[in-house]
Amino acid sequence: MGDVMVLNDIEATAARIGIDLSQVDLDSIRLPPGENFGIISDDEDIYQEENSELDSGFGNIIVVDNLPVVPKEKYEKLENVIRKIYSQIGLIKDDGFWMPLDPETQKTLGYCFIEYNTPQEAELAKEKTHGYKLDRSHIFAVSMFDDFDRFMKVPDQWAPPESNPYNPGENLQQWLTDEKARDQLVIRAGSDTEVLWNDARHLKPEPVYKRAFWTESFVQWSPLGTYLATIHRQGAAVWGGASTFNRLMRYAHPQVRLIDFSPGEKYLVTYSSHEPSNPRDANRVVINIFDVRTGKVMRDFKGTPDDFAIGGTGGVAGVSWPVFKWAGGKDDKYFARMGKNVISVYETETFSLVDKKSMKVENVMDFSWSPTDPILALFVPELGGGNQPARVSLVQIPNKEELRQKNLFSVSDCKMYWQSNGEYLAVKVDRYTKTKKSTYTGFELFRIKERDIPIEVLELENKNDKIIAFAWEPKGHRFAVIHCDNTSSNNNPRPDVSFYSMRSGHNTGRVSKLTTLKGKQANALFWSPSGRFIILAGLKGFNGQLEFYNVDELETMATAEHFMATDIEWDPTGRYVATAVTSVHEMENGFNIWSFNGKLLYRILKDHFFQFLWRPRPPSFLTPEKEEEIAKNLKKYSKKYEAEDQDVSMFLSEQDREKRRMLKEEWEKWVAEWKRLHEEDKLERQKLREGEASDEEEEYEAKDIEVEEILDVSEEVVSFED
């Protein structure tokens, strides 16, 4: 990258020649043919592949064989049937259909040629319709036109293929075997993306891999940490490896803007929205679902933003992201999306609708999957002016059986929160008061794993309290709520934080309150992934207040502040937590690393800081019993690490001692040099003192000398009278 101008150089050059970069549309810039100004594209081979397809001219043509042989009078009818099948997959060119006739019999020859606008549409048509059963006697055989050239080169004599030696691929989980049991993280600052080890023992990050202009918008880890995804104009790419980050696969999707992995990392969903050439036309939304390992498009969805904007908020151009929500677990068996009055559930074996049809749910407003089981939670608001109550339903997939339903009355809003193990579902319900001039909040708590799924109702003691934040303890039975009385006369009241348990003191299965912390500077909750510890964070208006709280002991471990913090993220093990100030603010950009109990370990400042992401870890292979055994014998297992920590501590102490020794030597060297120069100038100083020989101040004789000084002279004319 030595020939590439870095971002600062570009900005400096633009400023020197008077160009405002914020007003320049970089996408509209076209370089002269063959000129790249020293910037080699990562996707140069993609261009070569595309050019080779264009050179052949036939990459977007398919050949459909095993068609019925019909006379000329039935030609048009057969053409309409074939066009109807293949128009559902992509746009056939105006003159893109040709079904030849036998010149002697004037009957069709049993095959046709179909030309699409793009090779991608042709590939998809081949994939979707090869083996399509038109009737009992006619099963389509579909080939790419370009394949015929390859078929013609097949030799007449068969020869056994050469066996290539097996070359094992890189271990994509190598980072999990780190001897120091460290975690990795990725940051983006300026034009650089860096992967680092969190070396908390040495109180600094250790570089793993760094690359400039690695992505054009953002990076994203896959859910189990196997891949790092980057975004480019031509599509997305995933990277990984044992010792460095190599490109493993690319996914062609021009102008991709958003991506989402399935929980088991088998599939990647990509999203783009293209501006139409005609302003009166709607944006064209394209969503592709790729197989992560092969890069193959398994299913695509196209339409306008309105087609994908049903329910939810956020995303791009009114589209709620992610459009498709995945069922929990590693199987990646189901995914679903919400439409108008329907929930469409797809299964990944064929990427088609379960039972070939969507679930009709009148006026459905929201849905979510259990994190572990194929169970859908649906919310339907009140209908008919309150005559038909709102309801929350739990539906089993694939049989679509309703496991539990709860009717709710006078509901203004509803939000659903699953516990990470799928054991509990909390439904936060905002209800109207009798006057309907205000609302109050309560919770419907579903015990998913218990018989008949019992439901408990929890209401806050003060009905005027509004819920600011809610969070389940990961893998646990407790949850935390931040609530505040909005009717208080104080314009900026400090909210309270309450902790509850789904188990009572006698473990009778009743929800119980553990404690309430009054008047906290907190508006966000961040549980440790291992539970037990939580950060009560005051972001935005509270300017980065942090309280590290032990829920087991119900006591505060530490309070701290990261001024203007915008992001807080625990590492996957729950040992460390990062707080970051991103470029939302112009000052103090960078991140801090803290211990779980609130000790600041180190701080890294980075200008133009955009992203901080811990690398996720896959679930442990240990059984709950084995984990419990390790927890009981933790002292035995921890001796090794305590010894290593002591060695590191001694090493750091030795480093400190060496640093102090060097500073002392430097000081003594400077003093000796100063004394030498002082001695050399002795005669000169003696002359300046008019022959006085001594440099010692105490040998001087003090004398009082009176000095007369004229402060002012004025002249005054005095008149004398006779």
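Residues numbered from 1 in each chain as written. Predicted model: local features only at pLDDT ≥ 70, side-chain atom pairs only at ≥ 80, totals over all residues. Heavy atoms only, no water.

Turning to the overall build of the protein chain, a few remarks are in order. For the protein chain, the count of helices and strands is nine helices and 43 strands. The contacts of the protein chain with a sequence gap of at least 6 include a subset with a gap of at least 24, amounting to 45%. Taken as a whole, the protein chain presents about 44,100 Å² of accessible surface, with 50% of it coming from carbon and sulfur. (Helix = DSSP H or I, 4+ residues; strand = E, 2+ residues; numbered from the N terminus. Contact = heavy atoms within 4.5 Å. Areas by Shrake-Rupley, 256 points an atom, 1.4 Å probe, with all protein chains shown as cover.)

For the rest of this paragraph, the subject is helix 4 (residues 119-129). Among all positions of helix 4, only Glu121, Ala122, Leu124, Ala125 and Thr129 are buried. One side of helix 4 holds all its buried residues, which, seen down the axis, span an arc of 165°. Next to the buried residues of helix 4 lie strand 1 (61-65), helix 3 (75-87), strand 3 (111-116), strand 6 (141-144) and strand 17 (297-303). Two residues or fewer past helix 4, Gly131 is found with a positive phi of approximately 90°. (Buried < 20%, exposed > 50% of the residue type's maximum accessible area, 1.4 Å probe, protein only. Arc of directions from axis to C-beta.)

Spatial ordering of the open sheet is given by 10-11-12-13, a layout of four strands whose pairing is antiparallel. Each end of this open sheet is capped by a strand with a single partner; those strands are strand 10 (219-221) and strand 13 (246-252). Taking each pair of neighbouring strands and ignoring which way they run, the sheet shows an average axis angle of 25°. Two strands pair when backbone bridges link them, and strand 11 (residues 228-232) and strand 12 (residues 235-240) are joined in this way by five bridges, in the antiparallel orientation. Opposite Leu228, over in strand 12, you have Trp239 as the bridge partner. (Pairing = 2+ DSSP bridges. Axes fitted to C-alpha atoms, helices over the stretch in contact; angles between N-to-C directions.)

Judged by side-chain polarity, Phe148, Phe151 and Val154 come together as a nonpolar surface patch covering roughly 270 Å² of accessible area. Counting through the fold element by element, Phe148 comes out in helix 5 (residues 147-152). (Patch = residues over 30% accessible without salt bridge, like charges linked within 9 Å, V, L, I, M, F, W, Y side chains within 5 Å. Salt bridge = Lys/Arg side-chain N within 4 Å of Asp/Glu carboxyl O.)

Okay, the nonpolar core next. Core analysis: the biggest nonpolar cluster contains 22 residues, and Ile62, Val64, Ile82, Tyr86, Ile114 and Tyr116 have the highest contact counts within it. For this core, the secondary-structure elements that each account for two or more residues are strand 1, helix 3, strand 2 (92-98), strand 3, helix 4 and strand 6. For this core, the element with the most residues is helix 3, which contributes five residues. Among residues more than four places away in sequence, those in contact with Ile82 are Leu67, Phe97, Met99, Cys112 and Ile114. (Core = buried A, V, L, I, M, F, W, Y, C linked by side-chain atoms within 4.5 Å.)

Once that is clear, we can look at the sheet that holds strand 32 (residues 478-485). An order of 31-32-33-34 is seen for the four strands of this open sheet, with the pairing classed as antiparallel. The sheet terminates laterally at strand 31 (465-472) and strand 34 (512-517), the two strands that pair on one side only. The mean inter-strand angle of the sheet, taken between neighbouring strand axes irrespective of direction, is 25°. As judged from the five bridges shared by strand 33 (residues 496-501) and strand 34, these two strands associate in the antiparallel manner. Bridge pairing in strand 34 places Phe499 opposite Thr515.

Cis rather than trans, the peptide bond between Trp321 and Pro322 has omega equal to 0°. Among the structural elements, Pro322 can be located in the loop between helix 6 (305-308) and strand 18 (325-326). Each neighbour pair has its own omega, and for Ile397 with Pro398 the value is 15°, a cis peptide bond. Summarising the element assignment, Pro398 is placed in the loop between strand 25 (390-396) and strand 26 (401-408).

Let's shift gears to the side chain of Arg615. Tracing the chain through its elements places Arg615 in the loop between strand 43 (609-614) and helix 7 (624-632). Among the polar contacts listed, one links the side chain of Arg615 to the side chain of Gln184, at a separation of 2.7 Å. In terms of polar contacts, Arg615 uses its side chain to reach the backbone carbonyl oxygen of Thr226, at 3.5 Å. (Polar contact = N/O pair within 3.5 Å; in protein donor to acceptor, adjacent residues only side chain to side chain.)

Next up on the list: the confidence of the model for the protein chain. The share of residues in the protein chain with pLDDT of 70 or more is 85%, and the mean pLDDT across the chain is 85. Every residue in residues 1-5 scores below 50 in pLDDT, and together they form seven contacts with partners more than four places removed in sequence or on other chains. Confidence over residues 44-55 falls short of pLDDT 50; this stretch has nine contacts with residues more than four positions distant or in other chains. (pLDDT = per-residue confidence, 0-100.)

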